[in-house]
Structures are given as structure tokens and as C-alpha cells.
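Geometric and topological summary
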Amino acid sequence: MSKPTFIYKHKKAILLSGIVCLLVAAAIILYLLLSVPQARKDDFKRIASEKYDTVFLSMYSIENYEEESFSHFRGQTMLKTAYCIPDIDTLQSYMEKIALSGNAITTIYLGIRPESIDATELLLLLQEYPSVQYHIFLAAPSMDYWTALSDKQLEEQLSAYRSIMDTMLPQSNITVYHFATEWVLCNPANYENTHDTIADISRTLMLIFDSMYDFRITPENIEPVWESFSQLIADNRNNSTIYPDLSDYTIVFFGDSVIGNYTDSTSIPGVVNGLTNARVYNCGYGGNSAAYYPDAPINLPGIVDAFIRQDISPLPEDAQVYSGVTEYLQNSPDTKKLCFVINYGLNDYFIGASVTTEDPYDVTSYSGALRTAIHALQEAYPEAQILLMTPNFTICFSNGEERNSGAGGILTDYVNAAIAVGADTNVDVLDNYSELNIEAANYDTYLLLDGCHPNERTRFTIGSRIALAIR
């Protein structure tokens, strides 16, 4: 007996419907596979196949952070992801993949854009993995970003930042870091774009994020840090400092380690370049004094003489001054708009060099060496501006109050001598001793741990002062 025709038609309809459903499902799967960014696919492959105990996930680019740095300085085996995570759902998928990797994860670094994620949802996700220590790096976009926001956008952004801080602060396994300080935000040379710092700055932040400054948010500092951050943005939005465009200027820096030991965008020349677009040449020499003494290969008058004669042979090849002068000579800059910045004095004080002698051009004295160098530059470059800086405060030798030789003086003697030479030679002087307001009670805010060299914050201040002093 044959089956009714409608049964065959019914089965055929079911079969066709099933095929359609399979095709739709396959299409959806194919779409999802094709729509997943390659960077995310690559991250998931690494997460599943590699061995690690630390992970760096981020909502902004962390390309310039190096896995090797975390291994070298913190003993962590890190997996740094490449994809910029856009939302909480994607972050959750990453956390699930990590949990299934078979690795015993001790630490997760999170680069967070607070405006793109809800603080409570983030906390709930992190609490699913309570054995992990979390370090949250809040995004620190440049000041150009903050000043371009509307008032409403700014209010929303600040609310999002504060919400992350307040929500995470009570958690014992979560630490929040906020890098939004003036020397980071206000120097355009620190950034590749509004959110991504250059490699040198990323490395600097990684090295100091848990040991210096007020980057780590704690119950004790959250209010002053927040007030400082909010005020910094308000000041720059309402009455920002206008730095001159010096893109047609060449600025040559002569100095000791305060100049020569730093060559990135946080160096004093780097700050000046970032704020003004001037071409800068770092001819500093760490450990050098202005005054001549027998153990030094060369001192300030000799360096200036070599510079003027365009002869690098007297310069130590392993010193920054050699690289700086060489770079200057290779570029052959126009000298019509030229400025020289001179910063010496700390090493003169440390070695006990004479402050001054009867001979105003005695290069064995601090004053004589400065005067000799300045006059040589004035004769060779009569149209150039010369800017002389005094040595900054130091805690060394009882806050600079001890004499280091019978002929030498205390630190303020060298400061006053620089000011006097500036007046005698008719050059501009920046008093970094008095006007930076550094003293024994607050030196750790402005100087490195050695109590001598300016930290990034102070180097930014000095650089900004120079930028405004260029005529």
C-alpha cells in the first residue's frame, strides 16, 4: 500500500528546512570567524599554546611595552596580547581562554579605558578569578585629548575614571595606577597619538609604576591625586600655557649629567623639543665640570672650542657630548636662529673647584670657565641667544652646605657665581636653585633617589622654563 503523497511532501519540507537551518548556521559561524580580527585570533592561539604566569590585556595599544622588560625586572613570564579589547564581553572571552590554558596565572595587567567599561561589571569579572593579582593601568591620553573634549564629555570621562578608582580601591588583590601627571600628559613628544605613548615612555612607566611618584592609587593619596589631576586638566582647558613655535630654531645644550644622562622625550632637551618643535642637540657630558681639573679628559671651555672648530677629536667617544656634536655637524643647521643652553655647577661643587679667582678667565675656576666658554660662543655666534642655568639643589654634602676643598665654596656660592657671570656677560640666566623651590623637606618630590638629579617631573619644569625663555 503506497504512502499518501502529503507525507512525502511533509518530509521533503522538513529536509529542506533542516538544510536551510544548517546553511544559516554555517553562514553565521563563517561570518563570526571572518569578523574576528586577526590580532584577536593570534592572541587566542598564543594563550592556548604558550607557557606563562603573567598576562597583559589592554583596551589601548600596549605594543610599546616589552615582554622582556617584565621578565628582566620582575621575573615574570609574560604573554602580552596585541588586540585592543573594546568591551567587557571581549575581555570576558579573554579571561575564559586564559583560565582554560592550563597555566597557573599569578598576575594580570589590565590597560583600561574607563569610558569604555563599567566599573561594577569589571569588578564582577575579576572576582571570578580571585587568586590572581590585578594591576590596572588607567589610560593616560595626552593633554590634547582632554582639552578637545566638550564639557559634557569631560564630565562623563572624569566620572568614569573616578568610578574605577573607587570601585577597585577596597579590593586587596587589585591595584590601580594612574599615570596622568603633567610631565606625561603635557609633553607631546611622549605620544605617538592621543592615547599611545612612545616606546621610551612606555618603558619608563613600566619601570617606575610601583616604586615612585603617586602613580599607585591608595586610600591615603586618592584625594590629592584626584585633585591634582582634575586641576591639571582644568588649567590646561581654561588657561593653557602657550609655548612658542621654535621649529626654525636650533638649540644646543651643554651641561653635566643633568643634561647628558637623559636622551629621551623626558630629557630637558627632549621636553623643549616636544613643547616648541625646536631642533635640539644634547651635548651634555655626565660627570663633567665647567672648570678644568687634571683627571677630566675635557671641560666646558674645551668642549665649546671643539664645537666651534667643528673638531670632534678631543671629545670622549663614549660620552653623549660626542654624539650630540657629531649629530649637529652632520645636520649643518642654520645658525641664524641659534640658542645655547649651559648647565654646569654641581660637579664643580663636588670636586671643590675654585668658585672664582683674580683672573676672570681662569678656566680652573667655575666662574672663569663659564666666562671663557660664553665669550667664545658670543664671538663665534654673535646673533645667538645664550641661556645660563644655575645648578639645582642637592641633598649631597649636607644639602650643599659643606665645602669640598679649601678653594671651593658651598653650593650657593656656585649658584651666585653663575648669576654674576650671566650679568657680566649679558646673557639670560635661569636660577634652578631658587626658582624650582626644591629643599631638604621636599627633595624626593623633585629629585631622583640620589637626591641630586632632577626627576621626570622636574626635567619637564626646567624644559618648559627654557621654552618660555627663548627669545
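What you see as residue numbers is a count from 1 along each chain, following the sequence as written. Reporting of local features is limited, given that this is a predicted model, to residues whose pLDDT is at least 70; pairs of side-chain atoms are given and counted only at 80 or more, and all residues count toward the totals for whole chains, interfaces and linings. With hydrogens and water excluded, all non-hydrogen atoms of the structure serve as input to the side-chain values.

Considerations on the confidence of the model for the protein chain
Scored by pLDDT, the protein chain has a mean of 92; 91% of the residues are at 70 or more. Note that residues 29-34 has pLDDT below 50 and, in this model, one contact with residues that lie over four places away or in other chains. Each residue carries a pLDDT score, the predictor's confidence in it, ranging from 0 to 100. Throughout, a residue-residue contact means that at least one pair of heavy atoms, one from each residue, lies within 4.5 Å.

What about the sheet that holds strand E9 (residues 385-389)?
Here the rule is simple: two strands pair whenever DSSP picks up at least two bridges between them. A helix here means a DSSP run of H or I that spans at least four residues, while a strand means a run of E at least two residues long, and both kinds are numbered starting from the N terminus. With parallel pairing, the five strands of this open sheet are ordered in space as E7-E6-E8-E9-E10. The open sheet has two edge strands with one neighbour each: strand E7 (279-284) and strand E10 (428-430). Neighbour to neighbour, the strand axes of the sheet diverge by 20° on average, direction disregarded. Relative to E10, E9 runs parallel, the two sharing three bridges. The residue bridging Met389 from the neighbouring strand is Leu430, located in E10. Contacting strand E6 (250-255) and strand E8 (338-343), helix H13 (residues 300-309) crosses the sheet at an angle of about 150° to E6. Angles here are taken between N-to-C directions and fall from 0 to 180 degrees, while the axes themselves are lines fitted to C-alpha atoms, restricted in helices to the stretch in contact. Set on the sheet, helix H16 (residues 366-380) makes contact with E6, E8 and E9; between it and E9 the angle comes to about 165°.

A look at the packing of aromatic side chains
For Phe, Tyr and Trp, rings pair up if their centres lie within 6.5 Å, where Trp contributes its six-membered ring, and each pair is then called stacked (planes under 30 degrees apart), edge-to-face (over 60) or tilted (otherwise). Taken as a whole and judged by the stated rule, the model has 29 aromatic pairs. Measuring from centroid to centroid gives 5.7 Å for Phe350 and Phe397, while their planes differ by 50°, and the two rings are tilted. On the criterion of sequence distance, the pair formed by Phe350 in helix H15 (residues 346-351) and Phe397 in helix H17 (residues 396-400) is long-range, its members being 47 residues apart. Each residue in the set Phe56, Tyr65, Phe70, Tyr109, Phe137, Tyr177, Phe179, Trp183 and Phe215 is aromatic and connected to the rest through ring pairs, giving one cluster. Any Lys NZ or Arg CZ found within 6 Å of a ring centre and within 35 degrees of that ring's normal is scored as a charge over the ring. A cation over a ring is seen here: Lys97 above Phe44, with NZ or CZ 5.2 Å from the ring centre.

Here's the deal with the pattern of salt bridges
Here a salt bridge means any side-chain nitrogen of Lys or Arg lying within 4 Å of a carboxyl oxygen belonging to Asp or Glu. Evaluated as defined, the whole model comprises 15 salt bridges. Among the ionic pairs, Arg113 bridges to Glu115, the shortest N-O distance being 2.9 Å. Per-residue accessibility, obtained with a 1.4 Å probe over protein chains only, is compared with the maximum for each type, and a residue is labelled buried under 20%, exposed over 50%, and partly exposed between these values. The exposure class of Arg113 is partly exposed, given its relative accessible area of 23%. In this structure, Asp151 engages Arg237 in a salt bridge whose closest nitrogen and oxygen atoms are separated by 2.8 Å. Taken together, the positions of Asp151 in helix H7 (residues 151-168) and Arg237 in helix H10 (residues 222-239) put the pair 86 residues apart, joining distant regions of the chain. A relative accessible area of 61% places Asp151 in the exposed class.

Thoughts on unusual backbone geometry
Unusually for a residue other than glycine, Ser398 sits at a positive phi of about 55°. For Ser398, the position within the fold is in helix H17. Residue classification places Ser398 among the partly exposed positions, given a relative accessible area of 39%. Although it is not a glycine, Asn426 sits at a positive phi angle of roughly 60°.

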